[in-house]
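The lines below spell out each chain.
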Amino acid sequence: MKILYFAWLRERLNRGEEEVSPPPEVATVADLIDWLATRDEAFAHAVEKRALIKAAVDAKLVPHTAPIAGAQVVALFPPMTGG
């Protein structure tokens, strides 16, 4: 599965994407964020306030409770403002 990072997440992690193979017990976006945080101290620090992190699974905005089974791409990004 490809993970995409946007805005300040991309800047703090110094990468825009990565390929990962989460274990079977990683079933939701929240599980994925938790799992990624265990693998990477910079990621753990960047997502300390997890409620601020938004997610999209295969280009559809989803809550952290959304399943990731079969997902090709998960995008993680901070809240967006518009104008």
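Parameters at a glance
- Residues numbered from 1 in each chain as written.
- Predicted model: local features only at pLDDT ≥ 70, side-chain atom pairs only at ≥ 80, totals over all residues.
- Heavy atoms only, no water.
- pLDDT = per-residue confidence, 0-100.
- Helix = DSSP H or I, 4+ residues; strand = E, 2+ residues; numbered from the N terminus.
- Salt bridge = Lys/Arg side-chain N within 4 Å of Asp/Glu carboxyl O.
- Buried < 20%, exposed > 50% of the residue type's maximum accessible area, 1.4 Å probe, protein only.
- Phe/Tyr/Trp six-rings, centres within 6.5 Å; stacked < 30°, edge-to-face > 60°.
- Lys NZ or Arg CZ within 6 Å of the ring centre and 35° of its normal.
- Pairing = 2+ DSSP bridges.
- Contact = heavy atoms within 4.5 Å.
- Axes fitted to C-alpha atoms, helices over the stretch in contact; angles between N-to-C directions.
- Core = buried A, V, L, I, M, F, W, Y, C linked by side-chain atoms within 4.5 Å.

Side note on the confidence of the model for the protein chain
Phase 1 of the analysis: A residue-level look at the protein chain finds 96% of positions with pLDDT of 70 or above and a mean pLDDT of 94.
Phase 2 of the analysis: Least confident of the elements in the protein chain is helix 1 (residues 7-13), whose mean pLDDT is 92; most confident is strand 1 (residues 2-5), at 98.

Overview of the pattern of salt bridges
Phase 1 of the analysis: Summed over all chains, the structure comprises five salt bridges.
Phase 2 of the analysis: Measuring nitrogen to oxygen at the nearest pair gives 3.5 Å for the salt bridge that ties Lys2 to Glu17. With Lys2 in strand 1 and Glu17 in strand 2 (residues 17-19), this residue pair connects regions lying 15 residues apart in the sequence.
Phase 3 of the analysis: According to the relative accessible area criterion, Glu17 is partly exposed, its value standing at 45%.

Digging into the packing of aromatic side chains
Phase 1 of the analysis: One pass over the structure, following the stated rule, counts one aromatic pair.
Phase 2 of the analysis: Its end group placed over the ring of Trp35, Arg39 keeps NZ or CZ at 4.7 Å from the ring centre.

What about the pairing of strand 5 (residues 73-77)?
Phase 1 of the analysis: Extensive coverage of strand 5 is indicated by the burial of four of its five residues.
Phase 2 of the analysis: Of the pairings in the sheet, the one linking strand 1 to strand 5 comprises four bridges and is parallel in character. The residue bridging Leu4 from the neighbouring strand is Ala75, located in strand 5.
Phase 3 of the analysis: Here four bridges tie strand 3 (residues 54-57) to strand 5, and the two strands are oriented antiparallel to one another. When the sheet's bridge partners are listed, Lys54 is paired in strand 5 with Phe77.

Observations concerning helix 2 (residues 29-39)
Phase 1 of the analysis: Among the residues of helix 2, those classed as buried are Val29, Leu32, Ile33, Trp35, Leu36 and Ala37.
Phase 2 of the analysis: Where helix 2 is buried, its residues meet strand 1, strand 2, helix 3 (41-46), strand 3, strand 4 (60-62) and strand 5.

Brief notes about the sheet that holds strand 2
Phase 1 of the analysis: In space, the five strands of this open sheet follow the order 2-1-5-3-4, with mixed pairing throughout. Only two strands of the sheet have a single neighbouring strand rather than two, namely strand 2 and strand 4. Here the average twist between neighbouring strands, direction ignored, is 25 degrees.
Phase 2 of the analysis: In the sheet, strand 3 pairs with strand 4 via three bridges, with the strands oriented antiparallel. Across the sheet, Val57 pairs through a bridge with Lys60, a residue of strand 4.

Regarding the nonpolar core
Phase 1 of the analysis: The biggest cluster of nonpolar side chains holds 24 residues, and the ones touching the most others in it are Leu36, Phe43 and Leu76.
Phase 2 of the analysis: Taken together, the elements giving at least two residues each to this core come down to strand 1, helix 1, helix 2, helix 3, strand 3 and strand 5.
Phase 3 of the analysis: The element that contributes the greatest number of residues to this core is helix 2, accounting for six residues.

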